[in-house]
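Examining the three-dimensional arrangement
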Amino acid sequence: TTDAAQAIARLHTDLFIDGQWRPAASGATFTVENPATGAPLTVVADGSADDARLALAAAAAHQADWAATSPRSRSEILYRAYQIIMDRVDEIAAVMTAEMGKPLAEAKGEVAYGAEFFRWFAEEAVRIGGDHTVTGDGNNRVVVSKQPVGPCILITPWNFPLAMGTRKIGPAVAAGCTMVFKPAELTPLTALLLTDILREAGLPDGVLNVVTTTDPGAVVGEWMTSGDARKVSFTGSTEVGKILLGQAAGTVMRTSMELGGNAPFIVCADADVDRAIDGVMVAKMRNMGQACTAANRIFVHRDVLDAFTDKLSARMGGLVVGDGAAVGTQVGPLVEQKATDKVTTLVDDALERGARIVCGGERPDGPGHFYPPTVLTDVDPAADLMHTEIFGPVAAIIPFGTAGGDAKSDDDEVLRLANDTPWGLVGYLYTQDIDRADRLSTDLQVGMVGVNTGLVSNPAAPFGGIKQSGLGREGGRLGIEEFLDIKYVSRPIA
Ligand code: ADP
């Protein structure tokens, strides 16, 4: 739309280093495309290890001054940035939809969600506490305070171009850390707009340094091995997370890792099926299924299987697919061709192993990376899509339990299936039995559980996983701790 085109034309598309917009040292640029049309949107600077070095040098040079600023002043910068984002929701959403594909209504939802991290951490900046006690023998004071960890490396994925940035930048600013930030190469524009907004909000030069690049291994590798960064906060694939953990070992860097998921969505025999349908539509279809929290495996008890499958395919089949910028679109394109190819391969594999298509499955011709909302049932637990993040609008139903059977053994069966994965980010369960909800949420091997809800993400809550889904938490009261070191001072009592 013209809105997006105008907003993109106004953007700074260079690197942002030490308060200056500057082209890549090599002069290189890369093209950002609209996934709904394949059309180029603009070009942005393609940074290299040389640019990365300058960016981290700026962050390191400003760390001490930044750490010495008052918590209130850092809080006010975040609060102003929150207000500017909310004043510019439509513009930011238009840019996000253009580069990433999600429908405008969802993009606006993400802008509000993303802004909320700034408001949350504006409130946390002035509440960084400590501890004070006396040793058991009464001879010493134990004074515990918190200090910023130092320059941080922030790396974000393309699926939530604003919120993944604010969820890291917010606590880093609040804690008093300087930053180097590398947004995903598929969606740099929202991140560049956010950079401008933070500057307008009064963030001092050198505190946030942004390098866009098509060579993340080189840019981030430079930061990881230089010795100047003290912390890396990453959201992305488990594969890349493991590379970063290996590099972090070299300088014993603090790490926060939000990695992949393989979320089970459990519908028990006693579930309210209509509520479960509402929940699974959110858990499955938010962002066209391109979320680490997406319901990847939908386990439905045989007692409610037919009702659930019929209602889900009616809802999924009725969704309007199209360009996210068009009025009425409910499902946009996937982010790139590779994504639609991957979904196609996973669906083909499931079909070969005996799954049935209830709706969807036919990839349309024409431009854009579209895949239709699809429901598969009778999915074999051995199918590849049970062990891979689908990252697309495909609902895979796996029946469990025995019709009218023993509830305890049904619960055991679904827990065994749900926990049979190296990931452990989030699980969803629908039941009206409070004891069953308690037992299943205790025994699911995940960092987050949605009980009778399909949405767990919230700035007030600690987001994160266990097992190979990651380390640390973002948001909530714990989010800022990831950016703080603890110092204990011992003082004899006179
Ligand atoms: P996704 O599947 O979501 O694209 P990735 O893990 O590939 O997940 O990408 C997430 C982020 O990690 C992106 O910003 C990407 O540029 C970055 N990235 C990819 N490869 C590396 C790497 N070798 N080192 C550091 N960052 C990387």
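Residues numbered from 1 in each chain as written. Predicted model: local features only at pLDDT ≥ 70, side-chain atom pairs only at ≥ 80, totals over all residues. Heavy atoms only, no water.

Another aspect to go through is the site of the ligand. Every one of the 16 residues lining the ligand counts as a neighbour, but Thr156, Trp158, Lys182, Glu185 and Ser237 are closest to it. For the ligand, an oxygen atom lies 2.7 Å from a polar atom in the backbone of Thr156. Contact between the ligand and Lys182: an oxygen atom at 2.9 Å from a side-chain N or O atom of the residue. When residues of the shell around the ligand are traced back to their parent elements, those giving at least two are helix 8 (216–226), strand 10 (231–235) and helix 9 (238–251). With three residues, the single largest contributor to the shell around the ligand is helix 8. Classifying every residue of the shell around the ligand by side-chain character gives nine nonpolar, five polar and two charged. (Near = heavy atom within 4 Å. Polar contact = N/O pair within 3.5 Å; in protein donor to acceptor, adjacent residues only side chain to side chain. Helix = DSSP H or I, 4+ residues; strand = E, 2+ residues; numbered from the N terminus. Nonpolar A, V, L, I, M, F, W, Y, C, P; charged D, E, K, R; others polar.)

Turning to the sheet that holds strand 22 (residues 484–492), a few remarks are in order. Here three strands make up an open sheet; going across it, the order is 5-6-22 and the pairing antiparallel. The open sheet has two free edges, formed respectively by strand 5 (131–134) and strand 22, since each of these has just one partner strand. Here the average twist between neighbouring strands, direction ignored, is 20 degrees. (Pairing = 2+ DSSP bridges. Axes fitted to C-alpha atoms, helices over the stretch in contact; angles between N-to-C directions.)

Here we take up the pattern of salt bridges. Counted under the stated rule, the structure contains 27 salt bridges. A salt bridge links Glu200 to Arg88, with the nearest nitrogen and oxygen atoms 3.3 Å apart. A residue pair is termed long-range when its members are at least 10 positions apart, and Glu200 in helix 7 (residues 188–200) and Arg88 in the loop between helix 3 (71–87) and helix 4 (89–100) qualify at 112 residues. The class of Glu200 is exposed, set by a relative accessible area of 54%. Salt-bridge contacts for Arg353 lead to Asp349; the nearest nitrogen and oxygen are separated by 3.1 Å. Counted as one network, the salt bridges with shared partners bring together Asp270, Lys408, Asp411, Asp412, Arg436, Arg439 and Asp443. (Salt bridge = Lys/Arg side-chain N within 4 Å of Asp/Glu carboxyl O. Buried < 20%, exposed > 50% of the residue type's maximum accessible area, 1.4 Å probe, protein only.)

A word on the packing of aromatic side chains. Summed over all chains, the structure comprises six aromatic pairs. Taking the centre distance of 4.7 Å and the plane angle of 45 degrees together, the rings of Phe16 and Trp21 count as tilted. Owing to a relative accessible area of 17%, Trp21 belongs among the buried residues under this scheme. Measuring from ring centre to ring centre gives 5.7 Å for Phe265 and Tyr428, while their planes differ by 35 degrees; the resulting arrangement is tilted. A residue pair is termed long-range when its members are at least 10 positions apart, and Phe265 in strand 12 (residues 263–267) and Tyr428 in strand 18 (residues 426–430) qualify at 163 residues. Judged on exposure class, the residue Phe265 and its partner Tyr428 are both buried. Each member of the aromatic cluster is reached from another via a ring pair, and the members are Phe265, Tyr428 and Tyr430. Above the plane of the ring of Phe463 lies Arg167, whose end atom (NZ or CZ) is 4.2 Å from the centre. (Phe/Tyr/Trp six-rings, centres within 6.5 Å; stacked < 30°, edge-to-face > 60°. Lys NZ or Arg CZ within 6 Å of the ring centre and 35° of its normal.)

From the geometry alone we can't say anything about function, so treat these as descriptive.
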